[in-house]
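In case you want the letters, here they are:
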Amino acid sequence: MTLWNGRFSSPMAASLWDLSQSYSFDHILYAHDIVGSKAHVRGLEHAGLLTGDECEQLLSTLDAVAQEFEDGSFVRHEGDEDIHMAIERRVTELAGATGAKLHTARSRNDQVATTLRLFTRDAVTTLTKDLIDLVNALRELGSRYPEAYLPGYTHLQRAQPVLLSHHLGAHAWSLLRDVDRLFDARGRLNVSPLGAGALAGTSLPIDPAFTAKLLGFGEPFANSIDAVSDRDFVAETLFDIALVGIHLSRMGEELVLWTTSEFGFATLGDDYTTGSSMLPQKKNSDVAELARAKSGRLVGNLTGLLVTLKGLPLSYNRDLQEDKEPLFDSLEQVFLIVEALRGAYGSMTFHVETAQRAADDPNLVAVDIAERLVEGGVPFRQAHEQVGQLVGEAAKHNISLAEAVAQNDQFAPFADLFAPGASLRGRTSPGGSGPVSQRAQADRLQVAIDVATARLI
Ligand code: ARG
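Quick notes on the rules
- Residue positions are given per chain, counting from 1 as you read along its sequence in written order.
- This being a predicted model, a pLDDT of at least 70 is required before a residue's local features are given, and a value of 80 or more before pairs of side-chain atoms are given or counted; all residues contribute to the totals for chains, interfaces and linings.
- Note that water and hydrogens are dropped before the side-chain values are worked out from all heavy atoms of the structure.
- We call a residue near a molecule or strand when any one of its heavy atoms sits within 4 Å of it.
- Pairing of N or O atoms within 3.5 Å defines a polar contact, subject to two protein rules: one partner must be a possible hydrogen donor and the other a possible acceptor, and residues neighboring in sequence count only if both atoms are side-chain atoms.
- Computed by Shrake-Rupley with a 1.4 Å probe, the accessible areas treat only the displayed protein chains as cover when residues are assessed.
- Only DSSP runs of H or I covering at least 4 residues are called helices, and only runs of E covering at least 2 are called strands; the numbering of each starts at the N terminus.
- The classification used treats Ala, Val, Leu, Ile, Met, Phe, Trp, Tyr, Cys and Pro as nonpolar, Asp, Glu, Lys and Arg as charged, and all other residues, Gly among them, as polar.
- We define a nonpolar core as any set of buried Ala, Val, Leu, Ile, Met, Phe, Trp, Tyr and Cys residues linked to one another through side-chain atoms lying within 4.5 Å.
- Accessibility here uses a 1.4 Å probe with only protein chains present; expressed as a share of the type maximum, an area under 20% marks a residue as buried, one over 50% as exposed, and anything in between as partly exposed.
- It only takes one pair of heavy atoms within 4.5 Å for two residues to be counted as in contact.
- In this analysis an axis means a line fitted to C-alpha atoms, helices contributing only their contacting stretch, and an angle means the value between N-to-C directions, from 0 to 180 degrees.
- Any angle between 65 and 115 degrees counts as roughly perpendicular, while under 35 counts as roughly parallel, over 145 as roughly antiparallel, and the rest as oblique.
- Crossing chirality is assigned from the near helix's rotation relative to the far helix, an anticlockwise turn below a right angle marking it left-handed and a clockwise turn marking it right-handed.
- Strands were regarded as paired on the criterion that DSSP finds at least two bridges between them.
- A pair of aromatic rings is counted whenever rings of Phe, Tyr or Trp (Trp by its six-membered ring) have centres within 6.5 Å, and the orientation is called stacked for planes under 30 degrees apart, edge-to-face for over 60 and tilted otherwise.
- Counted as salt bridges are all cases of a side-chain nitrogen of Lys or Arg within 4 Å of a carboxyl oxygen of Asp or Glu.
- Like charges within 9 Å and nonpolar side chains (Val, Leu, Ile, Met, Phe, Trp, Tyr) within 5 Å are joined into patches, using only residues over 30% in relative accessible area that form no salt bridge.
- One less than the residue count of a helix, multiplied by 1.5 Å, gives the span that helix is expected to have.

Draft legend 1. Highlighting the site of the ligand. Taken together, Ser22, Asp82, Arg108, Asn109, Val112, Tyr316, Gln321 and Lys324 are the residues near the ligand. The separation between an oxygen atom of the ligand and a polar side-chain atom of tyrosine 316 is 2.4 Å. Expressed as a share of its isolated accessible area of 350 Å², the protein-covered part of the ligand is 86%. Counting residues per element, the shell around the ligand draws most heavily on helix 6 (residues 108-144), at three residues. Within the shell around the ligand, the residues separate by chemical class into two nonpolar, three polar and three charged.

Draft legend 2. Looking closely at the nonpolar core. Of all hydrophobic cores here, the largest spans 86 residues; its most connected members are Ile87, Leu248, Trp258, Tyr345 and Phe350. No other element matches helix 10 (residues 232-258), which puts 12 residues into this core. The contacts of isoleucine 87, once residues within four sequence positions are left out, are Tyr30, Asp33, Ile34, Leu62, Val65 and Phe69. In this structure, Val365, Ala394, Val405 and Phe414 belong to the second largest nonpolar core, which totals 16 residues.

Draft legend 3. Expanded view of the packing of helix 4 (residues 52-71) against helix 5 (residues 83-99). Their axes nearest at 10 Å, the elements helix 4 and helix 5 cross at an angle of 135°. On the basis of the axis angle, helix 4 is oblique to helix 5. Between helix 4 and helix 5 lies a crossing of right-handed hand. Side by side, helix 4 and helix 5 meet where Glu54, Gln57, Leu58, Thr61, Leu62, Val65, Glu68 and Phe69 of the first sit next to Ile83, Ile87, Arg90, Val91, Leu94, Ala95, Thr98 and Gly99 of the second.

Draft legend 4. Spatial organisation of the environment of phenylalanine 69. Within the secondary structure layout, phenylalanine 69 lies in helix 4. Under the relative-accessibility criterion, phenylalanine 69 is labelled buried at 13%. In this structure, the C-alpha to C-alpha distance between phenylalanine 69 and leucine 150, residues 81 residues apart in sequence, is 52 Å. Apart from the residues lying within four places of it in its own chain, the contact partners of phenylalanine 69 are Tyr23, Tyr30, Phe74, Ile83 and Ile87.

Draft legend 5. A look at unusual backbone geometry. The peptide bond linking leucine 314 to serine 315 adopts the cis configuration, its omega dihedral lying at 0°. In this fold, serine 315 is placed in the loop between helix 11 (286-309) and helix 12 (324-346). Positive phi is not limited to glycine here, since alanine 105 has a value of about 60°. Relative to the elements of secondary structure, alanine 105 occurs in the loop between helix 5 and helix 6. Overall, alanine 105 belongs to the buried group, its relative accessible area being 12%. One non-glycine residue, histidine 155, adopts positive backbone phi at about 55°. Tracing the chain through its elements places histidine 155 in the loop between strand 1 (149-154) and strand 2 (157-163).

Draft legend 6. Up close: the pairing of strand 1. Note that strand 1 and strand 2 share six bridges and pair antiparallel. Considered in strand 2, the bridge of leucine 150 is made with valine 162. Counting the residues that bridge the hairpin from strand 1 to strand 2 gives two residues, and of these histidine 155 lies at a positive phi of roughly 55°.

Draft legend 7. Seen up close, the packing of aromatic side chains. Applying the stated criterion across every chain, the model contains nine aromatic pairs. Where tyrosine 30 meets phenylalanine 69, the ring centres are 4.6 Å apart and the plane angle is 10°; that geometry is what we call stacked. One end of the pair, tyrosine 30, is in helix 3 (residues 30-46); the other, phenylalanine 69, is in helix 4, with 39 residues separating them in the sequence. Residue class for tyrosine 30 comes out buried when judged on its relative accessible area of 17%. Ring centres of phenylalanine 411 and phenylalanine 414 lie 6.3 Å apart, and the angle between their planes is 65°; this geometry places the pair in the edge-to-face category. By the burial criterion, phenylalanine 411 is buried, and phenylalanine 414 matches it. Grouped by ring-pair contacts, the aromatic residues Tyr145, Tyr153, Trp258, Phe263, Phe265 and Phe350 constitute a single cluster.

Draft legend 8. Structural view of the pattern of salt bridges. Scanning all chains against the criterion turns up 22 salt bridges. When the shortest N-O distance is used, the salt bridge between glutamate 339 and arginine 342 registers 3.0 Å. Here glutamate 339 and its partner arginine 342 are both found in helix 12, three residues apart, which amounts to about one turn of the helix. Overall, the relative accessible area of 41% leaves glutamate 339 in the partly exposed class. We classify arginine 342 as partly exposed; its relative accessible area is 30%.

Draft legend 9. Molecular detail of the side chain of asparagine 109. Mapped onto the fold, asparagine 109 is located in helix 6. At 3.1 Å, the side chain of asparagine 109 and the backbone oxygen of alanine 198 are in polar contact. Those residues in contact with asparagine 109, other than ones at most four positions away along the chain, are Gly197, Ala198, Val228 and Tyr316.

Draft legend 10. Examining a nonpolar patch on the surface more closely. On the surface, Leu199, Ile225 and Leu314 cluster together into a nonpolar patch covering about 280 Å² of accessible area. Summarising the element assignment, leucine 314 is placed in the loop between helix 11 and helix 12.

Draft legend 11. View of the packing of helix 7 (residues 164-189) against helix 18 (residues 435-455). Taken N-terminus to C-terminus, the directions of helix 7 and helix 18 make an angle of 25°; their axes are 11 Å apart at the nearest point. With respect to each other, helix 7 and helix 18 are oriented roughly parallel. In the packing of helix 7 onto helix 18, the handedness of the crossing is left-handed. Of helix 18, the residues touching helix 7 (which contributes Ser165, His166, Ala172, Trp173, Leu176, Val179, Asp180, Phe183, Asp184 and Arg186) are Gln438, Gln441, Arg444, Leu445, Ala448, Ile449, Ala452 and Arg455. For the contact of helix 7 with helix 18, the residue count by class is nine nonpolar, four polar and five charged.

Draft legend 12. Geometry of helix 6. Across its 37 residues, helix 6 extends 53 Å between first and last C-alpha, which sits within 8% of the 54 Å expected from 1.5 Å per residue. For helix 6, the N-terminal capping position is held by serine 107, with its side-chain oxygen 2.8 Å away from the main-chain nitrogen of asparagine 109.

This is how it looks when you write it as structure tokens:
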């Protein structure tokens, strides 16, 4: 028996029940639904639709139901279609005639939108916190190896030596943009739909601004039809998570590469690697592979919801119930990856010598030689051409660029560039990968972390 049985003469078919019930997944919304209901109850009292005693009774009953969920004693009844109905059914059981007043001037349409916004607001806040923790882990790893450098790559070909802290900083900045994006999304989702009713409001004298304030929303909805139809906030959150996932996937791919014998730049702690069931020597970076893989699922959840929303007529349609599983799944997955990657970076040993040996590849100073020529007045295109010819000659004679430079009168004065780390030290442009620029960047990164952290409160 559902709570809306009045007009029906036969019960719902079992197959329709299985299709339409959402309790099996939306029960995790119980705490936010109860918070929303408590504000609604206060709003009803404020509107004169409940007496003070009735209000108190409903508030304490809602608290009692919350407690049942907390201690695991809540029992779902046959007929509890979703979390909203289950809670209302239980409140009515406990509070009798007063319980039957809970849903006054409210529809599940404005209720579910309110509950989901409250839930998403909290989840987004937690995710920004976790991302800032991951940024801090990257920063800490960089400062554990302040002098370390490695080859920087373009097209996955060695390009120029870069400082490890500078390289990790690049990931940190992309994650801080994600944090910023989530804060923006949180601002837009912080609008209360409560009081929109089924779609068109109500003849009863409720005040949506009053309940919006109680729930900490920035403002109440402007348009009741929009309030119950809008799932932009879910789509936007899913996009933000998908982009986080893509950043984490790129980091995962890099960890996979760095921890191969071929690269040998890093080893993850034993607690962040897995073995093989057959090959005793294996130490696999599954954490990085899974971080790489999960992005597919996060993009899929976003795409799925967008397709569900496309073409939906105003206002509420049952299709909107399909917003929840992608949202819950993306949140669950992104929390898992962020936490595991944070631990993996914390456990990492960076193999300074191996990475530096690769970065001291003489070819990586080719552009520095060209820049020396530029300092001597040679136009860059000509300098590029001359150094390019020297690189080509060296390759043809199977000698290193350092040897070719030493044997060439024009270039011999630049031999100092082949000293380990010389290329890096000479790189002074702001934001670039030289020790002086990197120090300034580390300060700037720290300011950005502090600003983001302050916004959490
Ligand atoms: N479980 C539903 C959902 O998630 C609640 C709203 C149902 N509303 C309705 N008019 N049938 O969207």
